[in-house]
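These are the residues of each chain, in order.
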Amino acid sequence: MVKLMQVYEGKAKKVISLDEGKVIMEFKDDVTAFDGGKKAQFRGKGWLNAQISAHLFRVLEEKGIKTHFIGVAGENRLIVERLRMYPLEVVVRNVVAGSLKRRLPLEEGTELPEPIVELYYKDDSLHDPMINRYHAKILGVSEAELGEIERIALNVNEILREYFRGRGIILVDFKLEFGKNERGEIVLGDEISPDTCRFWDAETKKSLDKDVFRFDKGDLINAYEELYTRLTG
Ligand code: 5GP
């Protein structure tokens, strides 16, 4: 019998530990924004994020990216490999949006001449501050590991940017998380979903992501469903 043991409940996911180095990630219908300052629930969001993440992990695996994805385990659950996570959020940007507007004197929607990679320390109590390579080293991430993480992040960006371009969608920016598996390999973890990425329709620049909720731009489920259909349909 497989032993189930809940190990962690986050804002939008539950992580349940299984035997044999496997973990279930359960996607919740809850959504939060602005450091937890804005909260809601949308029926069906967990299912959509689980399916979209599974789809994108498969796309990446086919292109040779190592991810923690093993399979779909029901409506809103994925089975993934257990990783020892780095305490980092790695953001990749192709187009100016979100917090970048507060850092650089550039207009929203400006295409960047080359992708930008940013590092954040994943810690709610410190509000996920932006950090640099020196800080990362103090946090226990070696230069070699960071180099590998950035290389994979940029590779993921190339693959997904092209994939979305083919579907009339601009990959504006996204956040990735990485961990080490039992074999000591650096592997892409967490999720890749409209909760963690910005997607714009290439024609209309309409958001198909959590900005719909953040900035009251319409119906979140409609936006996520449209994204799902354009990816899979
Ligand atoms: P920004 O820094 O502009 O707020 O976010 C950049 C990108 O990373 C966006 O696609 C955003 O959704 C994602 N991102 C950054 N931090 C987080 C986070 O803590 N949680 C989630 N879900 N996404 C994040």
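Residues numbered from 1 in each chain as written. Predicted model: local features only at pLDDT ≥ 70, side-chain atom pairs only at ≥ 80, totals over all residues. Heavy atoms only, no water.

Looking now at unusual backbone geometry. In this structure, phenylalanine 34 takes a positive phi of about 50° despite not being glycine. Summarising the element assignment, phenylalanine 34 is placed in the loop between strand S4 (30–33) and strand S5 (38–41). We classify phenylalanine 34 as partly exposed; its relative accessible area is 47%. A positive phi angle, close to 65°, is found at histidine 127, a residue other than glycine. With respect to the helices and strands, histidine 127 occurs in the loop between strand S10 (111–121) and strand S11 (130–131). (Helix = DSSP H or I, 4+ residues; strand = E, 2+ residues; numbered from the N terminus. Buried < 20%, exposed > 50% of the residue type's maximum accessible area, 1.4 Å probe, protein only.)

This brings us to the nonpolar core. Val156, Leu160, Phe164, Phe178 and Ile192 are the most contacted members of the largest nonpolar core, which has 46 residues in total. The dominant element in this core, judged by the number of residues it contributes, is helix H3 (residues 143–165), at nine residues. Dropping the residues within four chain positions of it, valine 156 is found in contact with Leu60, Ile65, Phe174, Leu176 and Leu188. Counting residues in hydrophobic clusters, the runner-up holds nine residues, among them Leu48, Leu220, Ala223 and Tyr224. (Core = buried A, V, L, I, M, F, W, Y, C linked by side-chain atoms within 4.5 Å. Contact = heavy atoms within 4.5 Å.)

Taking strand neighbours across the sheet as the criterion, the five strands line up as S11-S10-S9-S12-S15 in an open arrangement whose pairing is antiparallel. If you trace the sheet from one side to the other, it starts and ends with S11 and strand S15 (197–201), each paired once. Bridging between S10 and S11 involves two bridges; their strand directions are antiparallel. By the bridge assignment for S11, leucine 119 is matched with isoleucine 131. The strands touched by H3 within the sheet are strand S9 (88–95), S10, strand S12 (169–176) and S15, with S12 carrying the most contacts at an inclination of about 155°. (Pairing = 2+ DSSP bridges. Axes fitted to C-alpha atoms, helices over the stretch in contact; angles between N-to-C directions.)

Moving on: the pattern of salt bridges. Within the structure shown, the criterion is met by 30 salt bridges. Taking the shortest distance from any N to any O, the salt bridge between glutamate 118 and arginine 93 comes out at 3.0 Å. Here glutamate 118, found in strand S10, pairs with arginine 93, found in strand S9; they are 25 residues apart in sequence, far enough to count as distant. With relative accessibility at 5%, the residue glutamate 118 sits in the buried group. Using a relative accessible area of 3% as the deciding quantity, one classes arginine 93 as buried. We note a salt bridge from lysine 122 to glutamate 177, for which the minimum N-O separation is 3.2 Å. Of this pair, lysine 122 sits in the loop between S10 and S11 while glutamate 177 is found in the loop between S12 and strand S13 (178–180), placing the two residues 55 residues apart along the sequence. (Salt bridge = Lys/Arg side-chain N within 4 Å of Asp/Glu carboxyl O.)

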